[in-house]
Amino acid sequence: MATGHADPQRRERILAATLDHIADEGVAGVSHRKVAARATVPLGSMTYHFTGIDHLLREAFTLFADHIVAVFEEHLEHADDPDQAREAVTDLIHALSEGPRRDLILSQELYTLAARRPEYRELTHAWMGRSRRLLERHFDPDTARQLDALIEGLTLHRALDGAPQGRELTRQAVGRITAATATA
């Protein structure tokens, strides 16, 4: 196997393998040995790059949060007026709920950790803050907070429902929360 110098992407592969493992088996199944095998790296690489499992999980979930924030940004960045912003939020909800199942599972695993452990609550608070700032480009702070919760809730409901609500119902829900509050 390559040394760290000849394998500059090793740390990133470990983080990706950690997220893949969590998506397949849950946080409870994460171990240095399992992640190293999945990432095809020597076991010693785990402790070289991460001080322990918590450090590994925090870094992996930070990478995941960055990914979700990028999805938010991708959908919201081109909205130039309140109607476009509402449509962008509707698109975002459908993209998240119809997107990779892996993202839904990872979100729920992180929320479960955050419900139990303060250091993961801090990570989710930072993630929510970033999402809300993107929404605040188009809506006032209180509306952005409500909209962020709506996005999370509708994404989960649509993803798990055998017959998810259609786009028009999503559009109506976004419209109700954002009525007369858009700042763009």
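Look up a bit, the structure's there.
Throughout, residues of each chain are indexed from 1 in the direction in which the sequence is written. Local features in this predicted model are restricted to residues of pLDDT 70 or higher, and side-chain atom pairs are both shown and tallied only at a pLDDT of 80 or more, whereas totals for entire chains, interfaces and linings draw on every residue. Heavy atoms throughout the structure, all of them, feed into the side-chain values; hydrogens and water do not.

**Student:** Please clarify how the overall build of the protein should be interpreted in this entry.
**Tutor:** Per the secondary structure count, the protein includes nine helices and zero strands. Each helix corresponds to a stretch of at least 4 residues labelled H or I by DSSP, and each strand to a stretch of at least 2 residues labelled E; elements are numbered beginning at the N terminus. Ordered by position from N to C terminus, the α and β elements of the protein give α-α-α-α-α-α-α-α-α. Expressed as lengths along the three principal axes of its C-alpha atoms, the size of the protein is roughly 60 × 35 × 30 Å. Accessible area is worked out with a 1.4 Å probe on protein chains only. A residue is then buried under 20% of its type maximum, exposed over 50%, and partly exposed in between. Buried positions account for 43% of the 184 residues belonging to the protein.

**Student:** Where do I start with empty space enclosed by the protein in this structure?
**Tutor:** Empty space among the atoms can be located by rolling a probe the size of a water molecule over them. Detection works on a 1 Å grid of protein atoms alone, calling trapped sets that fit a 1.4 Å probe cavities and calling open sets with protein on both sides within 12 Å along at least five of seven lines pockets, with lining residues defined by an atom within 4 Å of a point. Grid points are joined across faces, edges and corners, and a volume is the space filled by probe spheres set on the points. If you walk through the whole model with that rule in mind, you get one cavity of 30 Å³ or more. The space that makes up the largest cavity amounts to roughly 140 Å³. Around the largest cavity, the lining residues are Ile-68, Phe-72, Leu-96, Asp-103, Leu-104, Ser-107, Gln-108, Tyr-111, Trp-127, Glu-152, Thr-155 and Leu-156. Residue assignment for the lining of the largest cavity shows that the elements contributing at least two residues are helix 4 (53–76), helix 6 (101–116) and helix 8 (141–160).

**Student:** Whenever I open this one, the packing of helix 1 (residues 10–25) against helix 2 (residues 32–39) confuses me. Can you help?
**Tutor:** When two helices pack together, their arrangement is given by the angle between the helix axes and the distance between those axes. Axes here refer to lines fitted to C-alpha atoms; in helices the fit is confined to the stretch in contact. Angles between the N-to-C directions go from 0 to 180 degrees. Running from amino to carboxyl end, helix 1 crosses helix 2 at an angle of 115°, the nearest separation of the two axes being 8 Å. When the axis of helix 1 is compared with that of helix 2, the two are roughly perpendicular. Taken as a pair, helix 1 and helix 2 cross one another with a handedness that is right-handed. Packed against helix 1, whose contacting residues are Arg-13, Ile-14, Ala-17, Thr-18, Asp-20, His-21, Asp-24 and Glu-25, the element helix 2 presents Lys-34, Val-35, Arg-38 and Ala-39 at the interface. Across the contact of helix 1 with helix 2, the residue classes tally to four nonpolar, two polar and six charged. Here the word oblique covers every angle except those under 35 degrees (roughly parallel), over 145 (roughly antiparallel) and from 65 to 115 (roughly perpendicular). Note: crossing handedness is left-handed where the near helix turns anticlockwise from the far helix by less than a right angle, and right-handed where it turns clockwise. Any two residues having at least one pair of non-hydrogen atoms within 4.5 Å are treated as being in contact. All amino acids are sorted into three groups, where Ala, Val, Leu, Ile, Met, Phe, Trp, Tyr, Cys and Pro are nonpolar, Asp, Glu, Lys and Arg are charged, and the leftover types, Gly among them, are polar.

**Student:** Explain the side chain of Ser-131 to me, please; I cannot follow it from the model alone.
**Tutor:** Residue position: Ser-131 is located in helix 7 (residues 118–135). The exposure class of Ser-131 is buried, given its relative accessible area of 1%. When neighbours within four sequence positions are excluded, Ser-131 is seen to be in contact with Val-69, Phe-72 and Asp-148.

**Student:** Would you explain the nonpolar core in this entry?
**Tutor:** A general tendency of soluble globular proteins is for nonpolar side chains to be buried together. To define a nonpolar core, start from buried Ala, Val, Leu, Ile, Met, Phe, Trp, Tyr and Cys residues and group those joined through side-chain atoms within 4.5 Å. Ranked by size, the top nonpolar core spans 49 residues in total, and within it Ile-14, Leu-56, Phe-61, Phe-72, Val-89, Leu-135 and Ile-151 carry the most contacts. Elements supplying a minimum of two residues to this core: helix 1, helix 2, helix 4, helix 5 (82–98), helix 6, helix 7, helix 8 and helix 9 (167–178). Sequence-distant contacts of Leu-56, that is, excluding residues within four places in its chain, are made with Ile-14, Leu-15, Thr-18, Val-30, Val-35, Met-46 and Phe-50.

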